[in-house]
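What follows is each chain in one-letter form.
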Amino acid sequence: MNNFWIGVLEQGLLFSIMSFGVYITYKILDFPDLSVEGTFPLGASVTALLLVKGADPILACMLSMCAGMAAGFVTGVLNVKFKITNLLSGILVMIGLYSINLRIMGKANTPFFNAKTIFSGEIPPVFVIMILALIVKLLLDLMFKTKFGFILKATGDNHNMVTSLGVDIGVIKIMGIMLSNGLVALAGSVMAQYQRFSDVGMGSGIIVMGLASIIMGETLLKAFPIIFGTACALFGSLLYKGSIAIALKAGLPPTDLKLITSVIVIAALAVYNSGLKVKFGRNLLSGGVKAVTDTKSA
């Protein structure tokens, strides 16, 4: 049983790195970026190529992240410079990356069971992934407190205000998309090293998984507004992976995994949206009562 929960914790923490990337585009930039389904296996493909050739695993993580940022740059340029819609920009890059990933690996699946990875040391994998996830989270939290972080948030909330300050929102948007895809590719690199193989189709459903994690995390932690959004992505990823694992542990066949994912996302959205409606209704009611009170006083 302990191994079961340790496995859930490992997978949840690993995919939280990917959720951080989706959080930047989905929640901050309001950019539905489907290219992450291509950059996740891109990070894995680059890592597989490097590790098979005997490269350092940490260097493989860094280069995989750079490859993801390059793919994010293309997505951003297509949207900002060529005026292609955000959804179509991501789809075009995702389709192109499928062939690129095949080119990098030379085949659909590349195992590297005997290669040195970040998990080859004496430290248990759960601690390696935990340290990496916490480092990424803390760095993001620090970044969001900088001038660039505030501008990045403002770009998604009110781009007119950012433009009035003389800031090129196009450049900021491209940088945000690059950072997002870089983190997703980093997660793909770590995932490949964790399972010791890379597959061209391992990015299927990644965007849904990331969105589900963020929504579930916000549903769970919306009562604590002081908590950073990255915490929502982290805890949501753990909750999502835990829900999937418990459903499979209960006896549901693995062939129902997509159905389980859909049910979890629907349930999280239902709870989240109903909570927003209740909050909105209370605010509206309190505002109406205040207005009536002020009128009577006048």
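All values reported here derive from a predicted model rather than from experimental measurement.

Peer 1: How should the confidence of the model for the chain be read in this particular structure?
Peer 2: The predicted structure's coordinates, where accompanied by low pLDDT, should not be read in detail. This prediction gives the chain a mean pLDDT of 88; 90% of its residues lie at or above 70. Predicted confidence is poor over residues 288–293, with pLDDT under 50, and the contacts of this stretch with residues over four places away or in other chains come to 0 contacts.

Peer 1: Even after reading the chapter, I still don't get the environment of isoleucine 246, so can you show me in this structure?
Peer 2: Along the chain, isoleucine 246 turns up in helix H10 (residues 229–249). Given a relative accessible area of 45%, isoleucine 246 falls into the partly exposed group. On a C-alpha basis, the gap between isoleucine 246 and valine 8 in space is 9.3 Å, while along the polypeptide they are 238 residues apart. In this structure, isoleucine 246 is in contact with Phe4 and Trp5, ignoring residues within four places of it in sequence.

Peer 1: Help me out: how do you make sense of unusual backbone geometry in this one?
Peer 2: What you tend to see is this: most non-glycine residues have negative phi, and most peptide bonds are trans. Not every positive phi belongs to a glycine, and aspartate 30 is a case in point at roughly 55 degrees. Following the sequence through the fold, aspartate 30 ends up in the loop between helix H1 (2–28) and helix H2 (36–52). By relative accessible area, aspartate 30 is classed as exposed at 57%. Unlike most non-glycine residues, lysine 83 shows phi in positive territory, near 60 degrees.

Peer 1: What am I meant to see in the packing of aromatic side chains here?
Peer 2: Two numbers describe a pair of aromatic rings. These are the distance of the centres and the angle of the planes. Throughout the structure, instances matching the rule amount to 4 aromatic pairs. With 6.0 Å between their ring centres and 15 degrees between their planes, phenylalanine 15 and phenylalanine 40 make a pair best called stacked. One end of the pair, phenylalanine 15, is in helix H1; the other, phenylalanine 40, is in helix H2, with 25 residues separating them in the sequence. Assigned by exposure class, phenylalanine 15 and phenylalanine 40 land together as buried.

Peer 1: Which parts of the structure should I look at to understand the side chain of serine 35?
Peer 2: Position of serine 35 relative to the elements: it lies in the loop between H1 and H2. Within the structure, serine 35 has its side chain in polar contact with the side chain of asparagine 181 (distance 3.2 Å). Sequence-distant contacts of serine 35, that is, excluding residues within four places in its chain, are made with Thr75, Gly90, Val93, Met94, Leu97 and Asn181.

Analysis parameters
Residues numbered from 1 in each chain as written. Predicted model: local features only at pLDDT ≥ 70, side-chain atom pairs only at ≥ 80, totals over all residues. Heavy atoms only, no water. pLDDT = per-residue confidence, 0-100. Contact = heavy atoms within 4.5 Å. Helix = DSSP H or I, 4+ residues; strand = E, 2+ residues; numbered from the N terminus. Buried < 20%, exposed > 50% of the residue type's maximum accessible area, 1.4 Å probe, protein only. Phe/Tyr/Trp six-rings, centres within 6.5 Å; stacked < 30°, edge-to-face > 60°. Polar contact = N/O pair within 3.5 Å; in protein donor to acceptor, adjacent residues only side chain to side chain.

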